[in-house]
Amino acid sequence: RFGVVTDVHGNENSNVIAKALSLEGITQALVLGDILFRTQSSLTLTNTQHAENLRYLITNDSALQEEFLKGGYNDSFIHSIKENYSFGKSTIKKVAKADYERFRKAFSDRGVTLDAVIGGNWDYEPEMREVFGETFLHGTSKTVNGLKLMGLSGGGSPSTYSMRGQELLADDSEKGKIHHSNWVPLAREPDLDILLSHVPHISRVGEHTESASEYLKNLLDARTESELPIPGIVMTGHTHGPTSVQI
C-alpha cells in the first residue's frame with residue numbers, strides 16, 4: 001500500500017499526516033507537490049517581489065528600462081534592488097531547503113519512506129532536487145515495487161507568497177518559464193503503471209482550466225494516438241479537493 005500525500009502547505013500538517021500513515025501501517029508514500037507554504041515574512045516578501053518586478057522591467061523592454069539606460073536612476077536605487085532581490089532569494093532557498101528536510105524527516109521518523117516526490121506550483125526545483133535526490137520526478141520515471149511510475153512536477157500559476165522566477169515550479173508565461181514542457185516523455189514512455197501529476201487533466205465544473213492541465217490532457221491523447229495505453233492509475237493534486245485517483 002502507498003500513502004498519497006499532496007498540498008501539505010506547511011510542516012505542521014506533515015507531522016500529522018506522517019503519524020496517520022504510520023498508525024495505518026503504511027510504510028511507503030507518494031508525494032504530489034506543494035509541500036511549502038510561506039518562506040518569507042510579509043515585509044521581506046513585499047521587498048523581494050518589488051525588487052523582482054523592478055529587476056525584470058529593467059532587464060526587458062519597458063519604459064523603466066529606457067529611463068534606466070538614460071541614467072534616470074542613481075546607484076543607490078540600483079543597489080537597493082540588488083540587495084532586496086539577493087536577500088529575498090537567499091532567504092527562500094534556506095527556508096525551502098529546511099522545510100523539505102523537516103518534511104522528509106517527519107516521515108522517516110515514523111518509518112515511512114518517500115518513494116516518489118513531485119513538486120507543485122509553490123515548490124522550488126533546486127532545493128527539491130537537493131533534498132529528495134532521485135526520488136524527485138520531473139518528467140522522469142522510476143520503478144517502485146515492480147510498478148513503473150512517472151512524475152510530472154510543476155504547472156499551475158505562481159502563488160502570491162512565492163518569488164517568481166526560473167526556480168519556482170509554477171508556470172509563468174510572463175517570465176518565459178513553462179515547466180510542463182518537461183512532460184513530453186509522457187507521450188512516448190511505454191508500460192506506465194502509475195502517473196503522478198500535480199495539476200489535474202480534468203477540471204471540475206465551473207473551474208478555470210490552466211494551460212498545464214490542457215497540455216497534460218493533450219499528452220494523454222497523444223499516447224492514445226500512438227496506441228500506448230493510458231497509465232492504469234492517475235493521481236493528481238493542486239485543487240485542494242479530494243485527490244483524483246482514476247483507475
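Cut-offs applied
- For every chain, the first residue of the written sequence is number 1, and numbering continues from 1 onward in sequence order.
- The predicted origin of the model limits local features to residues at a pLDDT of at least 70 and limits the giving and counting of side-chain atom pairs to 80 or more, whereas totals for whole chains, interfaces and linings rest on all residues.
- Hydrogens and water are ignored here; the side-chain numbers use all heavy atoms of the structure.
- The salt bridge criterion pairs a side-chain nitrogen of Lys or Arg with a carboxyl oxygen of Asp or Glu, the two atoms within 4 Å.
- Helix and strand assignments come from DSSP, with helices taken as H or I runs of at least 4 residues and strands as E runs of at least 2, each series counted from the N terminus.
- Fitted lines through C-alpha atoms serve as axes, helices being fitted only where they are in contact, and the angles separating the N-to-C directions of these axes extend from 0 to 180 degrees.
- Each angle is binned into one of four classes, with values under 35 degrees roughly parallel, values over 145 roughly antiparallel, values of 65 to 115 roughly perpendicular, and all other values oblique.
- Crossings are sorted by hand: turned counterclockwise from the far helix by less than a right angle, the near helix makes the crossing left-handed, and turned clockwise it makes it right-handed.
- Residues count as neighbours in contact if any of their non-hydrogen atoms are within 4.5 Å of one another.
- When residues are sorted by character, Ala, Val, Leu, Ile, Met, Phe, Trp, Tyr, Cys and Pro go into the nonpolar class, Asp, Glu, Lys and Arg into the charged class, and all the rest, Gly among them, into the polar class.
- Two strands pair under a simple rule: DSSP has to find at least two bridges between them.
- Here, the term nonpolar core denotes a set of buried Ala, Val, Leu, Ile, Met, Phe, Trp, Tyr and Cys residues that are joined through side-chain atoms within 4.5 Å.
- Only protein chains enter the accessibility calculation, which uses a 1.4 Å probe. A residue is then buried if its area is under 20% of the maximum for its type, exposed if over 50%, and partly exposed in between.
- To estimate how far a helix should reach, multiply one less than its number of residues by 1.5 Å.
- Between N or O atoms, a polar contact is any pair within 3.5 Å; within protein, one atom must be a potential hydrogen donor and the other a potential acceptor, and residues adjacent in sequence are included only when both atoms are from side chains.

Colleague: Break down the pattern of salt bridges for me, citing the residues and quoting the values.
Modeller: Applying the stated criterion across every chain yields a total of nine salt bridges. Between Lys-97 and Glu-130 there is a salt bridge, and its shortest N-O distance comes to 2.8 Å. Pair noted here: Lys-97 is in helix 4 (residues 75–108) and Glu-130 is in helix 5 (residues 125–132), with a separation of 33 residues, a long-range link. One continuous salt-bridge network, built from bridges that share partners, spans Lys-89, Lys-93, Glu-127 and Glu-167.

Colleague: How would you summarise the packing of helix 2 (residues 42–58) against helix 4 if you had to cite specific residues and measurements?
Modeller: Where helix 2 meets helix 4, the axes come as close as 8 Å, and the angle between the chain directions of the two elements is 120°. Put simply, helix 2 runs oblique to helix 4. Remark: the crossing between helix 2 and helix 4 carries left-handed chirality. Residue-level inspection shows Thr-44, Asn-47, Thr-48, Ala-51, Glu-52, Leu-54, Arg-55 and Ile-58 of helix 2 in contact with helix 4, the latter providing Phe-77, Ile-78, Ile-81, Asn-84, Tyr-85, Phe-87 and Gly-88. Here the contact of helix 2 with helix 4 is composed, by residue class, of eight nonpolar, five polar and two charged.

Colleague: With reference to specific residues and values, describe the sheet that holds strand 3 (residues 113–117).
Modeller: Taken in spatial order, the three strands of this open sheet run 1-2-3, and their pairing is parallel. The open sheet has two edge strands, strand 1 (3–5) and strand 3, and neither has a second partner. Between one strand axis and the next, the sheet turns through 30° on average, direction left out of account.

Colleague: How would you explain the nonpolar core if you had to name every residue and give the values?
Modeller: In this structure, Phe-103, Phe-107 and Phe-132 are the most contacted members of the largest nonpolar core, which totals 26 residues. Among the elements of the structure, helix 1 (11–23), strand 2 (28–31), helix 4, strand 3 and helix 5 are those that each provide at least two residues to this core. Per-element accounting of this core gives the leading share, six residues, to helix 4. Each residue touching Phe-107, except ones within four places of it in the same chain, is listed here: Val-5, Ser-14, Ile-17, Ala-18, Leu-21, Val-112 and Leu-114. Judged by nonpolar contacts, the second largest core, of 13 residues, contains Leu-152, Leu-192, Leu-220 and Val-234.

Colleague: Before we move on, could you go through the packing of helix 4 against helix 5 and cite the residues and values that matter?
Modeller: Here helix 4 crosses helix 5 at 35°, and the two axes come no closer than 9 Å. Judged by the sense of rotation from one axis to the other, the crossing of helix 4 with helix 5 is right-handed. Between helix 4 and helix 5, the contacting residues are Lys-93, Ala-96, Lys-97, Tyr-100, Glu-101, Phe-103 and Arg-104 on the first element and Pro-126, Glu-127, Met-128, Glu-130, Val-131 and Phe-132 on the second.

Colleague: Which residues make up helix 4, and what are the values?
Modeller: Look at helix 4: 49 Å from first C-alpha to last across 34 residues, which is about the 50 Å you get at 1.5 Å a residue. Where helix 4 is concerned, the buried positions are Ile-78, Ile-81, Tyr-85, Gly-88, Thr-91, Ile-92, Ala-96, Asp-99, Tyr-100, Phe-103, Ala-106 and Phe-107. The N-capping residue of helix 4, defined by a side-chain oxygen 3.3 Å from the backbone nitrogen of Ser-76, is Asn-74.

Colleague: Talk me through helix 2; I want residue IDs and the actual numbers.
Modeller: Taking 1.5 Å per residue, 17 residues should reach 24 Å; helix 2 reaches 24 Å between its end C-alpha atoms and fits that length. By the burial criterion, the buried members of helix 2 are Thr-44, Leu-45, Thr-48, Ala-51, Glu-52, Leu-54 and Ile-58. Looking at the buried residues of helix 2, the elements they touch are helix 3 (63–69) and helix 4.

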